[in-house]
Amino acid sequence: MERTFAIIKPDAVERNLSEEILERIESQGFKIVAMKRTLLSKAQAEGFYDVHKERPFFPSMTSTMSSGPVVLLVLEKENAIADWRKLMGATNPADAEAGTIRKDFAENIERNSVHGSDATETAAFEMSYFFSQTEIH
Ligand code: GDP
């Protein structure tokens with residue numbers, strides 16, 4: 001079993017898509033082992049996306065991530081990291097495959113509805129950034 005970290009981003013929560021996204025997650029065999037609805041501060045978003053701090057889109061993207069409530073998730077499944085990335089689709093919805101969450105729901109490359117860890121090390125960092133061990137069951 002593998003765990004990954006996911007976010008339903010403000011653009012999706014704002015459009016009442018949380019439930020539909022959670023349904024897709026569960027129907028694809030992921031167990032939701034931690035879940036929290038919260039509002040990120042700009043500083044929390046900046047810390048989370050620290051690896052992107054030199055990118056031109058960093059200020060705008062971290063403002064977007066702190067613009068409204070999010071749903072933070074830890075998902076468990078065999079091959080969870082790769083399978084969640086596949087279900088999400090490409091970063092830019094214009095490039096995302098049919099049937100992926102980003103293809104169906106993302107508004108643009110920045111307001112792209114969901115986040116998912118891209119590797120084992122980032123998944124470990126991202127889970128521990130928002131959840132303590134006692135919150136994951
Ligand atoms: P991800 O792993 O697919 O989420 O993509 P990245 O790690 O490359 O980027 C993190 C997030 O930054 C993305 O999910 C987008 O919300 C945002 N982002 C990435 N590339 C761009 C871009 O070229 N322009 C803007 N405005 N935002 C971007």
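Cut-offs used in this document
Residues numbered from 1 in each chain as written. Predicted model: local features only at pLDDT ≥ 70, side-chain atom pairs only at ≥ 80, totals over all residues. Heavy atoms only, no water. Near = heavy atom within 4 Å. Polar contact = N/O pair within 3.5 Å; in protein donor to acceptor, adjacent residues only side chain to side chain. Areas by Shrake-Rupley, 256 points an atom, 1.4 Å probe, with all protein chains shown as cover. Nonpolar A, V, L, I, M, F, W, Y, C, P; charged D, E, K, R; others polar. Patch = residues over 30% accessible without salt bridge, like charges linked within 9 Å, V, L, I, M, F, W, Y side chains within 5 Å. Salt bridge = Lys/Arg side-chain N within 4 Å of Asp/Glu carboxyl O. Lys, Arg positive; Asp, Glu negative; His and termini not counted. Charge placed at Lys NZ, Arg CZ, Asp CG, Glu CD. Helix = DSSP H or I, 4+ residues; strand = E, 2+ residues; numbered from the N terminus. Buried < 20%, exposed > 50% of the residue type's maximum accessible area, 1.4 Å probe, protein only. Core = buried A, V, L, I, M, F, W, Y, C linked by side-chain atoms within 4.5 Å. Contact = heavy atoms within 4.5 Å. Arc of directions from axis to C-beta. Phe/Tyr/Trp six-rings, centres within 6.5 Å; stacked < 30°, edge-to-face > 60°.

Caption draft 1: Inspection of the site of the ligand at higher detail. In the neighbourhood of the ligand, the contacting residues comprise Lys9, Tyr49, His52, Phe57, Met61, Arg85, Thr91, Arg102, Ile109, Glu110 and Asn112. One of the side-chain nitrogen or oxygen atoms of Lys9 is found 3.0 Å away from an oxygen atom of the ligand. In the model, an oxygen atom of the ligand is placed 2.8 Å from a nitrogen or oxygen of the Arg85 side chain. Here the ligand loses 78% of its free accessible area of 550 Å² to cover by the protein chains. Across the shell around the ligand, the residue classes tally to four nonpolar, three polar and four charged.

Caption draft 2: Quick peek at a negative patch on the surface. A cluster of like negative charges, contributed by Glu19, Glu20, Glu23 and Glu26, occupies part of the molecular surface. You can see Glu19 is positioned in helix α2 (residues 18–27). The class of Glu19 is exposed, set by a relative accessible area of 59%.

Caption draft 3: Up close: the nonpolar core. With 20 residues, the main nonpolar core has Phe5, Ile7, Met65, Leu72, Val74, Phe130 and Phe131 as its most contacted residues. With residues up to four places along the chain from it excluded, the contact list for Leu72 reads Phe5, Ala6, Ile7, Ala34, Met35, Lys36, Thr38, Phe130 and Phe131.

Caption draft 4: Expanded view of helix α7 (residues 120–130). When α7 is considered as a whole, its buried residues turn out to be Ala123, Glu126, Met127 and Phe130. Along α7, the residues classed as buried sweep out an arc of 100° about the axis, all on the same side. In α7, those exposed residues whose orientation departs by more than 90 degrees from the buried face are Glu121 and Ser128. For α7, the secondary structure elements touched by its buried residues are β1 (2–8), β2 (31–38), α3 (42–48), β3 (70–77), α5 (80–88) and β4 (114–116).

Caption draft 5: The packing of aromatic side chains, seen in detail. The full count for this structure, using the stated rule, is nine aromatic pairs. Aromatic side chains Phe48 and Tyr49 sit 4.9 Å apart centroid to centroid with 85° between the ring planes, which places their arrangement in the edge-to-face category. Judged by its relative accessible area of 7%, Tyr49 is buried. Judged by centre distance (5.6 Å) and plane angle (50°), the rings of Phe125 and Tyr129 are tilted. Of the two residues, Phe125 and Tyr129 both sit in helix α7, four residues apart, roughly one turn of that helix.

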